Amino acid sequence: MQKSLSIDPDKCTGCLQCELACSYDNENAFNPAKSRIKIFTFHDKGRFVPYTCTQCYEAWCMHACPVDAITLDKGTGAKIVHDNLCVGCKVCTIACPFGTINYNADTGKVIKCDLCEGEPECAKACPTDAITYVDANWTGLEKMRAWAEKTDAGQASA
Amino acid sequence: MTYVIIGAGPAGVTAADTLRKADPKADIVMIGSEPEPPYSRMAIPYVLTGLIAEEGTYLRKEEGHYDKNAIQYRQGEAESIDPKNKVVKLKGTDDQPYSKLLIATGASPVKPPIDGLDLKGVHHCWTLEDCRNIMKFADKGADVVLMGAGFIGCIIMEALAERGVNLTVVEALDRMVPRMMNEAAGNMVKAWCEKQNVNVHTSTKVTKLEASKDPEDTLVVDLDNGKQIPAHLVVVATGVKSNIDFVDGAGLKTDQGILVDECMRTSVDDIYAAGDCAQGPDFSTGGWAVHAVQPTAVDHGRIAGLNMAGKSAPFKGSLNMNVLDTVGLISASFGKWDGIEGGDHAEVIDTENFKYMRLEFDGDKIIGALSLGRTDQIGVLRGLIQTEIALGPWKERLMENPHLIADAYVACSQQ
Amino acid sequence: MAWAKKLLRVNLTAGTISEEALNMDWANKYLGQRGLATKYFVEEVDPKVDPLSPDNKMIMATGPLTGTCASTAGRYSVITKGALTGAIACSNSGGFFGNEMKNAGYDMVIFEGASKTPVYLFIDNDNAQLIDASDMWGTSVWDTEDKIKSDHQDPMIRVASIGISGEKGVKYACVVNDYHRAAGRSGVGTVMGSKNLKAVAIRGTKGVTVKDPVRFFEAANAGKAVLAGNPVTGEGLPAFGTQVLMNVINETGALPSQNHRDVQFDGAHAISAEAMAEPRESDGKPNLVRNAACFGCTIACGRISTIDRTHYTVAERPEYQVASGGLEYEAAWALGAATGVDDLDALTFANFICNEQGYDPISFGATVGAAMELYEIGAITDKETGGIELKFGSAKALTDLAELTGKSEGFGAEIGLGSKLLCEKYGHGELSMSVKGQEFPAYDSRGIQGMGLTYATSNRGACHLRSYTVASEVLGIPEKTDPLVHEGKAGLVKAFQDATAVFDSAGICVFTSFAWSLEDVAPQIDAACEGDWSVETLLEVGERIWNLERNFNNAAGFTAADDKLPERLMKDAAKTGPAKGLTSQLDKMLPEYYQLRGWTADGVPTNETLGRLGL
C-alpha cells in the first residue's frame, strides 16, 4: 500500500522541528530556509500550516522538465529530482502551481520533497502528529470522516 | 490504429508517451527531422556553458526508451499532408500513412531582412548543430554580438556570458525581454546585465553585417546609431515562427499557428496539433494564442495524446508564463502581466537590490504577475491565477506587500 | 560547530560594524548566551556606568544549541546593565529570532555607544548595515516588525524591536521579537531605546551544524522523549500553558494579591487557564485559540488568544480583534491578582498592549498594584492620575494605564518609573514590592519560602527564573520539599541557580528543566559542541556564571543590604491559606546561603571561591 504525507494544521504548533529535520537530512545542517517542507504562520489567526509537495498525480514539475531530470519513484510515489541531470532551468518552478519545487542558487539545481525514500524525516520529527505518513487511502478516509462530522454538526445546529 | 506524430520535441514526445499509456496496443510513429535523438532546445544553453554534454539535452534519459515503448522513431521532414488519403508525404522517402495525426513541428528562428546574415560566423542558436558551431567561435575573450534580447536571446546571453566572451546585445525595441516584461522590469534587467559587463543597446537596430579581414574571418556589425562593433561571432535571436508552411493545401485553419480547439483538434478530422506550432486556447484571454514555452508544449502534448486515444480531456487553456535567468538575475512572468483596463495592481520596486514584484488583479483575483529576484515558491503565482482564487481580505494584504503570494495562496487554499 | 564562532560588534556612535572571532577560551568556560555574553560585558563595561549612558553596552547572544533541533533551542538573551535595576541584566526570549541570528552566522551582536538618530540593524547573512529608522520611531513593535518585513519585501525576516515605551524611557521596556515573545525584564528595552536603536532585523540562511550528528540526534531525541513523557512538559504546559499554575498557586496560598497584602485572590479562577478555555457568551468561542511553540519547542506552552469582540476595550477597535500572544501565568498574575482585576478580557487586552508597545507586564501590573495602594491611602489622588479612578479591581484603570504607559503619556509616564521610584516619589518606598528595583513575579515568599531567598539573591532583581524552587516546593520536581519551611532551601536555591545558569547559557528554554536535569542536557551539549561537557563541568560553569554576575553587581555598588525583601513580607504574616500566620524566613536562609556559596557574611565571594572557579 502506497503511503502519503497527511497534514493536519489544527495540530501544528509552528515549532519548525519538521523544517529542522528536513534540512538536516538534505543539507547536513539545521537550516529552515533550505527545508522542503515549510510552515506558514498566520499570526493574527493563530494558525500554522505545514506545506510541502503533495506528490500530485499531475506532476506538472515532472512533465515540464525538459531534460527528464524528475522521475517517479514507483515505490513511494514521490517525484524525485536527479541532481546529475537537472540543469537548473527553473521551468518546473513556474510549472508547479503549488510552489513546492524551488531553485537553490547555491547548487544551481532545484529542490523538492522526495519523501526520504519512504521514511519522511518531517513526520518522524513532528511532536504533535500534525504531519504523519500514512496509507494513502486512509488519509482519504479521514478526510471523509471529518467532512461527515462537519455535516452532522450542521444538522445538529439546524 | 496508427498514430503518427510529426515532430520530436517536448510536445511530440509527451504525446507519444501519453498515447502509449492510453492505448497500449496501437502503432505509434514519431517523425523527427534532426539527426539526434529527441532533445530539448531549452537545454542547449547548458551545453554551451559546459554543464552538460549533448546527451544531457535528450528528452528521455532511459536507455532504449522509444524501443521499449514501441514508439517507432523515423527520420524525415514532412513535405505535405494528404488528409483525404490519410498520409504524410516526407521529403525523399516513403509516405507515412496515419489513422490519427499530431502535428508538433515546433517553430524556427526567423532571419530579419538585413544584409550579411548569411556570412560565415553568423548563427542562430536553435539546434544542437547551431550549438556546435557557436562553441567553435565563442571562446573566452571573443567578441560576440547577440541580435535580439527577447526571451530566447536572453537565455543564450546567459550561456555566452558564462563562456567569458566579450558580449554585446542589440535589441530593436526599447527594453530587454519586451514581450515578457514591462518597462520597469526590463530596465532593471538591462541595468543588471550591464553590471555583469554585458554591453546592452536597446532601441537599436543592426543595419548591416560585413566580413572583415582585420583580423581574418571576423565581422563588423553596423548599428543604426552609427556605431560599428567588431565580432568573431554574431548570434541571431530575433524571434521565431511556427513551422506550418508545409500544411498549406491540407485545409487546416491557421493564423499565427495551426488553430486547435480545447481538445487540440484542428479543423480537419483526425488531425491534431500541439506545441509551438499550435495556436490553442489561452487561459487568460479566452482566445487563441501560440505560447511557445516548454510547459505549454508538454500540456498540449499530453492533452492531444489523451484526446487522440479517445479519452475526453478538454484543456482549460495554457497560461502564458516564462522563467528566465539573465546572468544570475532570475525573473518570471505569468498570464496577463500587463494587466487589464480598470484592474488594480500591486507593485514594489527595489532598484538597489534588483527585486521587483508586480501583481495584476481583476477584482479580487490575480490574473498576471511579474517578478525579478525571487525564486522561492514562485509557482504559486500559477496556482493563484489558474485556480482563479478569490482572495477576499488577502487582496488588501497583497496590495500592501505583494511578496506575500505564498501566504495568500496557502491561506486561501488550505484553510 | 554549534557555535558560529563569530560575533558582530556594532558601534552606534560611529555607525561602524565589524566582525570578530568568538573568544573560544571564554566559550569553554562560560558556554554561550547568558554566561558568555556576561563575560564579554563585564570585561568591557565599567560596573558603575549609568545604564542609559552610551558607555553602557547591550549584547544579544545565542547559545551553542540555538538553531539546532534540540527541543526549545531557539533562544537568545539580551545582556546589559538594567535600566530598572542598575544590576547585571539578562533577559531571555524565545520565538524565532535567536535561531535566525545563528543562521546568519553569528553567536552574538554587541552594541556599543548610541546613535544620534534612530536606526535599525539589518543583518542579511554576511551583509550587516545600519538603516535609518526615523520613520519607525514613535511606532509600535507590531508596526515596526511589519514595516521592516515590507520594506525588505521578505516576510521571513525576524525582527526584535522596541515600542514607544522603550523609546520614551519606561524603565521596564522589553525587547520584543515575533510580535509577542520578549526579552522582558529589567529594562533591557529601555537601554536599547537610549541607544536610538529601534530594531534588529535578521535573515539568516547559512545553517547550523553540530560536532557529532549521530550522537546529537540520539541525545536530542532522548531529550524530546523525556519532555513528552513528563506530566508538566508533556501535558500541563501544552494544554494549559504556564497558566496551569493560577489555581494551583492560589491554593498553595502563595498568589500575592493587591500589592502583596493578601496571599490568595478571590478572582483567581476567573483569570486562570481553565477560564481561558471556557466558551464566551458572545460568540461561543474561548479566549484561547490554540497553543503555539517557539522555535524547535516540543512543549509549545505559548498561548494564542483573542479578546471578546463585545468587550469595551476592543468593541470599537477591530485592529485588536485578532489572535495574538495571550496571557502567561506571570502576566495574568501581575495584571490581575496584583491589581485585584478579575476581568479576563481586560487582562488579555493589557497584555496585547504590553506586547505591542514593548514593556514588561510583570513590572507594569505590579506597579499599577502599588499605585492602587498609594491611591487607596491617599498618597496619590485623581489630580496625579489625571482623573483615573485607581481602585483595586478596576479593569478600566488597568487598561487605560496600559495604553498610557505604552506611550509614556499622562500618569502612564509615572507608572513607567516602576514601583520603587513611584512609591519613593510619593513617600512610601515600603509599598514597592521589589528587590533591587525589580518587581516580584507571581509567587509569595511567605507561602513558598524558597522563593523569598530566590528573589533576594537574584542577580537581576526579583525574579522567578533565576531559581524556580516552585518546581520542588509545589510541583515536586525533582523532589518535593515543604514550601512552608525554610530549612534546606539555601542549598535548593543554590542548586537551582547554578543549573539554571547552564540552561540559560545553552540556547534552550528553562521550562525544559521541569523535565530535564543536567543529566539530560549534558549529552546534547557534549554531542553538539567541541570539548567535553559533563554534568560536573556544566555545574561548575553554572556556578562560575553566578559568581561572575555577583561580582559585577558588587562592583556596581550592591551589597548584602540589597539582598532583602520588603518589610511587608518579613513582618505581615499571610492572612489566609496554608501559610496563614507565616512571614518570610529570609533572615534564617541568607547566612546559610552565603556560606554554601563560599561568600563572606557580607555576600562577597571569597578569594578561595573565585580561585576555585577560575575567576
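Residues numbered from 1 in each chain as written. Chains lettered and ligands numbered in written order. Predicted model: local features only at pLDDT ≥ 70, side-chain atom pairs only at ≥ 80, totals over all residues. Heavy atoms only, no water.

Caption draft 1: A look at the packing of aromatic side chains. In total, this model carries 28 aromatic pairs over all chains according to the counting rule given. Here the aromatic rings of F40 of chain A and Y51 of chain A are separated by 5.5 Å at their centres, their planes lie at 85 degrees, and the arrangement is edge-to-face. Residue F40 of chain A is found in strand β2 (residues 38-42), and its partner Y51 of chain A is found in strand β3 (residues 47-51); the two are separated by eleven residues along the sequence. The exposure class assigned to Y51 of chain A is buried, which follows from its relative accessible area of 8%. Through a chain of ring-to-ring contacts, three or more aromatic side chains come together here, namely Y329, Y443, Y468, F511 and F514 of chain C. (Phe/Tyr/Trp six-rings, centres within 6.5 Å; stacked < 30°, edge-to-face > 60°. Helix = DSSP H or I, 4+ residues; strand = E, 2+ residues; numbered from the N terminus. Buried < 20%, exposed > 50% of the residue type's maximum accessible area, 1.4 Å probe, protein only.)

Caption draft 2: Quick look at the sheet that holds strand β15 (residues 228-231) of chain B. All names here are of chain B. Read from one edge to the other, the open sheet built from three strands follows the order β13-β14-β15, with strand pairing classed as antiparallel. Each having just a single partner strand, β13 (206-212) and β15 make up the two edges of the open sheet. Taking each pair of neighbouring strands and ignoring which way they run, the sheet shows an average axis angle of 25 degrees. With four bridges joining them, strand β14 (residues 218-223) and β15 adopt antiparallel strand pairing. By the bridge assignment, D222 is partnered in β15 with Q228. (Pairing = 2+ DSSP bridges. Axes fitted to C-alpha atoms, helices over the stretch in contact; angles between N-to-C directions.)

Caption draft 3: Quick peek at the interface of chain C and chain A. Every contact between the two is made by 35 residues of chain C and, on the other side, 25 residues of chain A. Regarding the contact of chain C and chain A, the summed buried area is about 2,100 Å², with carbon and sulfur atoms giving 60% of it. Considering only the surface of chain C that becomes buried against chain A, F217, R290 and A323 of chain C emerge as the three largest contributors, covering 21% of it. Connecting chain C to chain A are zero salt bridges. At the surface where chain C touches chain A, the tally comes to ten residue pairs in polar contact (both at pLDDT 80 or more). Residue assignment for the side of chain C that touches chain A shows that the elements contributing at least two residues are α7 (213-229) and β13 (288-292) of chain C. Its residues placed into classes, the side of chain C that touches chain A shows 20 nonpolar, ten polar and five charged. (Contact = heavy atoms within 4.5 Å. Buried area = accessible area lost by both parts, 1.4 Å probe. Salt bridge = Lys/Arg side-chain N within 4 Å of Asp/Glu carboxyl O. Polar contact = N/O pair within 3.5 Å; in protein donor to acceptor, adjacent residues only side chain to side chain. Nonpolar A, V, L, I, M, F, W, Y, C, P; charged D, E, K, R; others polar.)

Caption draft 4: Examining the interface of chain A and chain B more closely. Across the boundary between the two partners, chain A contributes 31 residues, which contact 42 residues of chain B. The contact between chain A and chain B buries some 3,000 Å² in all, and 63% of this surface belongs to carbon and sulfur atoms. Sorting the residues of chain A by area buried against chain B places F42, V87 and I94 of chain A first, and these three jointly supply 21% of that buried surface. For the interface between chain A and chain B, the tally reads two salt bridges. As a salt-bridge pair, R397 of chain B and D44 of chain A come within 3.3 Å of each other at their nearest N and O atoms. Of all the elements in the fold, those that place two or more residues in the side of chain A that touches chain B are β2, β3, α2 (60-64), α3 (91-95) and β6 (102-104) of chain A. Classifying every residue of the side of chain A that touches chain B by side-chain character gives 19 nonpolar, six polar and six charged.

Caption draft 5: Inspection of the pairing of strand β1 (residues 2-6) of chain B at higher detail. Residue and element names in this part refer to chain B. Judged by how many residues are buried, β1 sits mostly within the fold: four of five residues are covered. Bridge count between β1 and strand β2 (residues 27-32): five bridges; the pairing is parallel. Each bridged residue has a counterpart across the sheet, and for I5 the counterpart in β2 is M30. Traced from β1 through helix α1 (residues 10-22) to β2, the parallel crossover comes out right-handed. With four bridges connecting them, β1 and strand β7 (residues 100-103) associate as parallel partners. In the sheet register, Y3 faces β7, and the bridge partner there is K100. (Right-handed = clockwise from strand over helix to strand, strands pointing away.)

Caption draft 6: Up close: the sheet that holds β2 of chain B. Residues and elements named next belong to chain B. Pairing within the open sheet is parallel, and its five strands lie in the order β3-β2-β1-β7-β19. Because the sheet does not close on itself, it has two edges, and the strands there are β3 (71-75) and β19 (271-273). Averaged over all adjacent pairs, the angle separating strand axes in this sheet is 20 degrees, with direction ignored. The sheet contact formed by β2 and β3 spans five bridges and is parallel. Among the inter-strand pairings, I31 is bridged to a residue of β3, identified as R74.

Caption draft 7: Local environment of the pattern of salt bridges. Scanning the model with the defined rule gives 72 salt bridges over all chains in all. E347 of chain B serves as the salt-bridge partner of R358 of chain B, at 3.1 Å between the closest nitrogen and oxygen. With R358 of chain B in strand β25 (residues 355-362) and E347 of chain B in strand β24 (residues 345-350), this residue pair connects regions lying eleven residues apart in the sequence. Owing to a relative accessible area of 16%, R358 of chain B belongs among the buried residues under this scheme. The exposure class assigned to E347 of chain B is partly exposed, which follows from its relative accessible area of 32%. In this structure, K57 of chain C engages E112 of chain C in a salt bridge whose closest nitrogen and oxygen atoms are separated by 2.9 Å. Placement of the pair is K57 of chain C in the loop between α2 (33-44) and β3 (58-62) and E112 of chain C in strand β6 (residues 108-112), with a sequence separation of 55 residues. Taking the relative accessible area as the measure of exposure, E112 of chain C reaches 13% and is therefore buried.

Caption draft 8: Structural context of helix α8 (residues 231-240) of chain C. All names here are of chain C. Restricting attention to buried positions, one finds in α8 the residues V232, T233, G236, L237 and P238. Residues of α8 that are buried make contact with α7, β13 and β14 (302-305). Here α8 starts with a cap whose side-chain oxygen sits 2.7 Å from the backbone nitrogen of V232, and that cap is N230. Positive backbone phi, approximately 70 degrees, marks G241, located one or two places after α8.

Caption draft 9: Local environment of the packing of helix α18 (residues 449-457) of chain C against helix α24 (residues 586-597) of chain C. Residues and elements named next belong to chain C. Their axes nearest at 10 Å, the elements α18 and α24 cross at an angle of 60 degrees. The angle between α18 and α24 falls in the class oblique. The way α18 lies across α24 gives a crossing that is right-handed. Between α18 and α24, the residues in contact are Q449, G452, L453, A456 and T457 and L586, M589, L590 and Y593, respectively. Looking at side-chain class alone, the contact of α18 with α24 contains six nonpolar, three polar and no charged residues. (Parallel < 35°, antiparallel > 145°, perpendicular 65-115°, else oblique. Left-handed = near helix turned anticlockwise from the far one by under 90°.)

Caption draft 10: Just the state of the cysteines, in detail. Taken as a whole and judged by the stated rule, the model has zero disulfides over all chains. Its sulfur unpaired, C116 of chain A is 6.4 Å from the next cysteine sulfur, which belongs to C22 of chain A. Of the cysteine sulfurs around C69 of chain C, a residue in no disulfide, the closest is that of C15 of chain A, at 11 Å. (Disulfide = S-S within 2.5 Å.)

Caption draft 11: The arrangement of the environment of L259 of chain B in detail. Residues and elements named next belong to chain B. Note on placement: L259 falls in strand β18 (residues 258-259). Using a relative accessible area of 27% as the deciding quantity, one classes L259 as partly exposed. Between the C-alpha atom of L259 and that of S312, which follows or precedes it by 53 residues, the distance is 19 Å. Not counting chain neighbours up to four residues away, the residues in contact with L259 comprise K253, T254, R265, T266, S267, Q279 and W288.

Caption draft 12: Broad picture of a negative patch on the surface. Together, E396 and E400 of chain B together with D143 and D146 of chain C make up a negatively charged patch on the protein surface. If you list the elements that add at least two residues to the negative patch, you get α9 (393-400) of chain B together with α4 (141-151) of chain C. Counting through the fold element by element, D146 of chain C comes out in helix α4. D146 of chain C gets classed as partly exposed once you look at its relative accessible area, which sits at 40%. (Patch = residues over 30% accessible without salt bridge, like charges linked within 9 Å, V, L, I, M, F, W, Y side chains within 5 Å. Areas by Shrake-Rupley, 256 points an atom, 1.4 Å probe, with all protein chains shown as cover. Lys, Arg positive; Asp, Glu negative; His and termini not counted. Charge placed at Lys NZ, Arg CZ, Asp CG, Glu CD.)

Caption draft 13: Structural detail: the nonpolar core. Residue and element names in this part refer to chain C. One finds M108, F216, I249, F364, L390 and Y443 to be the most contacted residues of the largest nonpolar core, which totals 180 residues. Of all the elements, helix α20 (residues 489-506) adds the most residues to this core, at nine residues. Excluding residues that lie within four positions of it along the chain, L390 makes contacts with A371, M372, Y375, I380, T385, A397, L401 and F411. (Core = buried A, V, L, I, M, F, W, Y, C linked by side-chain atoms within 4.5 Å.)

Caption draft 14: Geometry of the domain arrangement of chain C. Residue and element names in this part refer to chain C. What the domain assignment lists for chain C is domain 1 (6-203), domain 2 (241-432) and domain 3 (449-612). Tallying the contact residues gives 38 residues for domain 1 and 35 residues for domain 3. If you sort the residues of domain 1 by the area they bury against domain 3, L31, R34 and L65 come out on top, with a joint share of 26%. Linking domain 1 with domain 3 are two salt bridges, by the criterion used here. On inspection of domain 1 and its partner domain 3, the count reaches 15 residue pairs in polar contact (both at pLDDT 80 or more). Looking at the side of domain 1 that touches domain 3, the elements with two or more residues in it are α1 (24-30), α2, β4 (76-81) and β5 (88-93). Sort the elements by how many residues they give to the side of domain 1 that touches domain 3 and α2 lands first, with seven residues. For the side of domain 1 that touches domain 3, the per-class residue count stands at 15 nonpolar, 16 polar and seven charged. (Domains from an automatic or database assignment.)

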